[in-house]
Every structure is written in C-alpha cells, then in structure tokens.
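# Chains, contacts and geometry: an overview
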Amino acid sequence: MERLVTGVEAMKKRRRRFVSASVVTAILVVALSSIFFSMSIAAAQEEESKQETAQVEKPGEGYKLETMVVTSQKREENIQDVPISVTALSDVQIEDARIKKLEDLGFYTPNMLSGSSGGRSEPSPIIRGMYNRMSVNPTVGMYVDGVAYSRAQAYDLDLVDIERIEVLKGPQGTLFGRNTEAGVINIVTKKPGNIWEGKISADYGNYNTQDYSFAVRGPLVQDTLSFGISGRRYLSDGYFQNDYLGTDDAEKSDDTSGRATLRWTPTEAWDVILNVGSARYENGFYTFTPSEDISHSINLDFEGSTENDSDCQSLSLNYDGDWFSFTSITAHRIGDYYSQFDMDSTPVDLYRTYYDQDHAQLSQEIRFASPDDSKGFKWLVGVYYLDEDFDVDTTYDYRQGVPEYGLPAYQSSMNTELDTQNYAVFGQATYTLWEKLGLTAGLRYENDKKDFKGLQFDDPDVMWTGTTTVENDKSLEVWLPKFAVDYRFIQDFMGYVSVAKGYTSGGFNNLDATVLGIPYDPEFSWNYEAGVKTAWLDNKFILNFAAFYIDWTDKQVLLSTGPIGAIYKNAAEATVKGFEVEALARPIRGLEVVGGFGYLDSEYDRFTEPIFDSDTGAQIGEKNYEGKQLEYAPEFSYNLAVQYRYRLGYSGALFSRIELQGVGDYYWNLDNTQKQSRYELVNAKLGYEGEFKGYGFNLYLWAKNIFDKTYGTAAYGSDEVGYNARAGDPQTFGVTLTCRF
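Remember, predicted model here, so these are calculated numbers, not experimental data.

### Focus on the side chain of aspartate 486
Note that aspartate 486 resides in strand β24 (residues 468–490). We note that aspartate 486 is buried and unpaired, the nearest opposite charge coming from arginine 488 at a distance of 6.2 Å. With near-sequence residues (within four places) excluded, aspartate 486 lies in contact with Pro83, Lys436, Leu437, Gly438, Met494, Gly495 and Tyr496.

Following this line, the structure appears as structure tokens:
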C-alpha cells in the first residue's frame, strides 16, 4: 500500500514549513539582535550600576560567578576543589538552557553523547566513548538524591524541580561501585525549607507539544517540618509520521510524573528526608528508517509503543556533628517496562518483538565522614547493599516464518529471571599538607553475585525442540582503588593527577535462544587523568581542563548471530584518550558566556570475531577489528552559549540566549562502515522576566535546531540485513509561561 500525497496536501506542507521557518528565523534574529544591543549598552549600564551600588557592594561583586557546591565525592565541596572532571549545572542554568531530558544533557557536556531509540526506552548516556550496546548493565551510573538507578529504563526521568545536575567523568568505582566505569550522572532535587515558594509552568510548541509542570514547597512546622510536591504532564504528537499507515503521531507521548518530599529537622544536627516518586510514561516507539536516508517519515506496517511505569521511595537520615557526620540512605524502586515494535522497520510484515521487563531493587547505604569543615584531614567510610530482581520476557514474532528453512509463522519466547545481590565496603581519605598539597587514596571491596534462570520455547513448536530451561550463577569479588594528588599553586589555580579503576558487571545472554544463559564476564578500565581548575579576573572567568587515558580490558561486545539474535562476549581490549575544556564567564553584569569542547581518540587494540560457514558451521576465517574506532565515540563535541539579561529598572528584565552545539563524526558499527557525520545545532530563546505584586512571571519564545538539521541518535543492523537509524529531534519552537510565588 502506498500513501499518495495530493498537490493540495503538498502545498499545505510547504506552507507549514514556510510558517515554521518564519517563526524560528524571527526568534533567531531577535535573539541575536537583543544580545548585540545589550552588549553595546552594557558598559554604560554597568557604569551606572556601579555608581548606584557603590555604597553597598564593591564594584564587580554583583556579577561574580557563584560558587557551585557539588557532592561528587559524597560530601559537599566547591567544584573547583574537586580533583575530578565534573560538569555541573545549577537550577538556573538548567532552566535557561531548557534541559528537559537526558538526551538534552549530552549537548551541554563535553565528551558526552546521549543516544536514544525514542519512547523513553533505555536512553544511552555515553561518556568518553565508553558504551556497551544494548547491555542490561550501563557503563554510566545514574543517582538521584543518593539513590542508584540500576537499570537504564529509569534513566530518562522528568527533570522537574531540580537543584543541580553533576556529570562525573571517568571511573567512579571507589565511591559509587559497579556500572560506573565511564562516569556518574548525579541529580539532586530541591528540598523544602522554611519559606513557602513555588512555580507553575506551561509550554506549547509545534507538533502539538504541551508541557505542564509545578512545584510547591514550604514549612508545615517552622524550623522543624517541611513539605514539597512537584509534578509534570507532557503530551505531544511526536516528530514522526508514518507514510505507510497515514498517521502523524508515530512517536506520540503521554507522560505523567510526580514527587513528594517530607523533611524533618528535629535539631540543628539532624536532617531526615522522605522522598516518594512515581512516573507513568506512554510513548510511540521504534521509528527507524534506513541509515542511508535518516528521516522523520517512516514506513512501517506496525507502529511500536512503550509503557514505562516506576515508583520509588527513599529515606535519608543525615547527622552533622562536631566530630563526624553520618548518612543513611534506604531506597526501594520498582519498574515495569513494556515495548512492542516492528523489528524489520519496513512496510512488510516480517518480524515483531514484544519485550516485557519487571524490575525491583532494595538498597541500603551507610556512611560516616569527617565534618564538612575539616581542613587537614578528610575521611569517609561506608557500606552498601543491593538486592535486585530483574525479570524479562521476550518474544520474537516471525510473521512469515523462515521460508528458506521451510518454517511457517511462529513465535520464539524467552523468559528470564536475574537475581543480584551486591554488597560493598569502601573508604576514601584526603590529607592536606601546607594548605596546598592534597593526597587522596580510596579503596572499595565489592562482592557481586548473580543467579540466572531462563526458559525458552516456540509456539507452535515448529522445530520440535520442546522447552529449554537454563540455570546459571556467577560471583565476583573486586577491589576498586583510586589515587589522586592535587596542588593549589595559588588560591584560584589547582592542578591534579589521578588514577582510578572501574568496572561494569557481567551477566548472562538473553537476546538469542541459541545462546540463552551463556555467561559473559565483567569488563574493567583504568583511567589516568591530569587536569587544572582555575578562576580568573576576580572570579568572573572560570576555565577548567582535563586530559585522560583509559585502558579498557575484557570489553563486552555485542555480536550478531542472525537477522534478530545477538550474543555478548568479552572479546576486546581498547584504549581511549582525549581531553575536555570548559569555560564560564560573566564579564559584565547580565552577560554570561559558557562553552565546552571535548576530543576523543578511541580504538580497539585487540578484537577478532570468528566467521563461520552458514551451511557447515565450520570456522572459515575471522574479522579483525584492531585499529577500528569505538562505536558511538564522536571525535569531538562542543557547546557554546551566549546569553544576556538586560534589567529594566526594578520591574523586570529582557532575556536573550543563542546556542551553538556540535558533534563530530562517529560510527554506528564495529566495521566502521556506518557513519554519523558531524553536525551542528543552533538554538535560541528570548523573553521577558517580570514581577507584579510579589509574583514573578516569565514569558519566553524559544526554538531548537533552528536550521532543521537531520541527524541520528541510534542505529542497529548487520551487513547481511542492512542498517536502520532513528532521527533526532527536528526543528521545534514554542512559547513558555512561568509563574513564581
């Protein structure tokens, strides 16, 4: 069946594109004009402001960069004092940049790529080129308020009422444990306090996109008990149309999420926080097209969908005493994820896949640490325990059977259960000499035990194999050390060197019935890093730099076993080296410039794959991937943003922002034959930020991917059946109204 587009429909489409182009061009022009206009009068405004405030503040203090406090080492520290490469974004920066989802975060973090198959299905944060395709064990850890999200289906959470986001780069195994060998994304939500405050926000954009959110928090009993609640509702037709079925909402979204926080502070030393969160996501899914013609127009006979539900409860006990601090975090998470999709990504009804995942985890972490105001010697020790159940039911639906083998239509199903128990003991200490030289050492012992059960059957049993059952188990004991030396040359100039070990857990194959239950081992990496953290011009300009070398052993790789099946193996050694630089400047009041650049040089050092004869099964050769670039490892990435807030006396401010983001060449596959070429995106935002009778209100116009650049976010396939890819977000624009109280 073909869907014919009439001349009238074509004219309507061209008219819509013309209107869209006119709107986003106007936003871009006005944003640029506002910035240039603001910069031209900024000096005069600054001189006037200095005269007005000379008696209450020193010149320039009003536009110094604020100190960013992070918890990347599980204690509150100035980011410029932490000997780790960290990208941190405050709540204001998150809102200014319109960071709404994990995929957005990658464009603001050097050497981070956020792959996505759409539909909130296992987003793939990739830091420094370290990625394991389709693995149940991510290489990047996700933590929210100190709670580990151990499965990637939970990663794409709504970023509402967030205090800050920290992206830690390089292995973080000593303090965070397993599945953090590439880094950690640490999200901290806002906590209620002694002031009632809140925010209500509404977005409307093209593709009938509606985004509503709210947050309210404040005291129930002054100085003792406070409460906060936030939520989000997101609706969209999505960015894909299915020409074969004649629909324009192939990746539609209907998402709802919320979080409530109860905070009890019975004394100045104790802080007890109870968090309860829930999310219900329903999305269209698997909107792939041939990789040589990536497009938002798909041709599928069966439109995919996902349902992703999760609930989380956590209790945090915090004591801050004169001699030590104490932290206990108890958490329980459950998740239910279901997807169905057109595996062949064509209008021919060949293959469908049904995937159902149930996940539950109970975790407990207890830490003791030196007080935050410790100077010469800082220490931290802790224990961690995780009990996790991970059940997956997968059905491959061969709609036409396998004609070359004379097999009729049938379904092949696999039901697997994976139980994990993980416990760890860890510690880290820093000794400072002469208030300049810092010596850090840390060590973690971790025990990871997995029990696997698998069941495979065909319906009907066309190959007369009956039901196959598999049971297996694996245990691992691992030591994860870290060493760092930092030296403060002057107050605002620190250099450091570090070495750290990380690992990603092993597991059991569950993607192909022929290899069901076959184990694969964990992989390990050593990260060697040197960097500097600097502040200049009386803290109006921050410039940080880090260079690294990563030695990756026993790398887990995914190898194709047919049109649908695949197997995980520990088959490779690899190295990654590169650097990242980040800068933030506020040269005059209201003007802010932020930028970052990352470079990667990645390759396989040792990796061969056997080639078998399809008829006899005998090995007839091998593929050698030595020297090939790692998949999903862009050669470079960069971001640059210029924004200005032009104050209109005491009544409000005009806001304008322009962004340029770029991603270098990278490959989708092991052979390096499928390539995503470099691309650049331009975004803009402008608006008015005002206040009336104690209420703040903001009105913004915004546009992303202004020039409608087409690029891919994920791809799959093989040389035998070809490759398909999913297109990233197209040109989008809209309006946002926010009220604060």
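### Points about the pattern of salt bridges
On inspection of all chains with the given rule, the structure shows 48 salt bridges. Residues arginine 98 and aspartate 203 are paired through a salt bridge, measuring 2.9 Å at the closest nitrogen-oxygen approach. One end of the pair, arginine 98, is in the loop between α2 (91–96) and α3 (102–105); the other, aspartate 203, is in strand β10 (residues 197–205), with 105 residues separating them in the sequence. The pair formed by arginine 98 and aspartate 203 is uniform in burial state, with each residue classed as buried.

### Focus: empty space enclosed by the protein
Counted under the stated rule, the structure contains 17 cavities of 30 Å³ or more. In this model, the largest cavity occupies a volume close to 750 Å³. As for the largest cavity, its lining consists of 36 residues, of which Lys101, Asp104, Tyr234, Tyr239 and Asp729 are closest to the centre. Looking at the lining of the largest cavity, the elements with two or more residues in it are α3, β11 (209–221), β12 (225–236), β14 (253–264), β38 (679–692) and β39 (695–704). The residue makeup of the lining of the largest cavity, split by class, is 8 nonpolar, 13 polar and 15 charged. Approximately 400 Å³ is the volume attributed to the second largest cavity. If you go around the second largest cavity, you meet 31 residues; those closest to its centre are Tyr149, Leu157, Gly258, Arg259 and Gly277. Counting residues per element, the ones that place at least two in the lining of the second largest cavity are β7 (147–149), β9 (183–189), β12, β14, β15 (270–285) and β18 (304–320). Of the residues in the lining of the second largest cavity, the class split is 12 nonpolar, 12 polar and 7 charged.

### Notes on the sheet that holds strand β3 (residues 86–90)
The strand order across the open sheet formed by 5 strands is β3-β8-β9-β6-β7, and the pairing between neighbours is mixed. One side of each edge strand has no neighbouring strand; the edge strands of this open sheet are β3 and β7. Direction aside, the axes of adjacent strands within the sheet are offset by 20° on average. As defined by bridge partners, β3 adjoins strand β8 (residues 162–169) across 5 bridges and the pair is classed as antiparallel. Of the residues in β8, the one forming a bridge with serine 90 is arginine 164.

### Brief notes about the confidence of the model for the protein
Here the protein averages 88 in pLDDT, while 90% of its residues score no lower than 70. When the criterion is pLDDT under 50, residues 1–19 qualifies, and its contacts beyond four places in sequence or with other chains add up to 8 contacts. When the criterion is pLDDT under 50, residues 36–61 qualifies, and its contacts beyond four places in sequence or with other chains add up to 19 contacts.

### Overview of the sheet that holds strand β16 (residues 288–290)
Spatial ordering of the open sheet is given by β16-β41-β40, a layout of 3 strands whose pairing is antiparallel. Each edge of the open sheet carries a strand with a single partner, namely β16 and β40 (712–718). Between one strand and the next, the sheet's axes are offset by a mean angle of 30°, whatever the strand orientation. Alignment of β16 against strand β41 (residues 722–727), held across 3 bridges, turns out to be antiparallel. Its bridge partner lying in β41, phenylalanine 288 is registered against arginine 726.

Thresholds applied
- Residues numbered from 1 in each chain as written.
- Predicted model: local features only at pLDDT ≥ 70, side-chain atom pairs only at ≥ 80, totals over all residues.
- Heavy atoms only, no water.
- Helix = DSSP H or I, 4+ residues; strand = E, 2+ residues; numbered from the N terminus.
- Buried < 20%, exposed > 50% of the residue type's maximum accessible area, 1.4 Å probe, protein only.
- Lys, Arg positive; Asp, Glu negative; His and termini not counted.
- Salt bridge = Lys/Arg side-chain N within 4 Å of Asp/Glu carboxyl O.
- Contact = heavy atoms within 4.5 Å.
- 1 Å grid on protein atoms, 1.4 Å probe; cavity = no way out; pocket = protein on both sides within 12 Å on 5 of 7 lines; lining within 4 Å.
- Points joined across faces, edges and corners; volume = space filled by probe spheres on them.
- Nonpolar A, V, L, I, M, F, W, Y, C, P; charged D, E, K, R; others polar.
- Pairing = 2+ DSSP bridges.
- Axes fitted to C-alpha atoms, helices over the stretch in contact; angles between N-to-C directions.
- pLDDT = per-residue confidence, 0-100.

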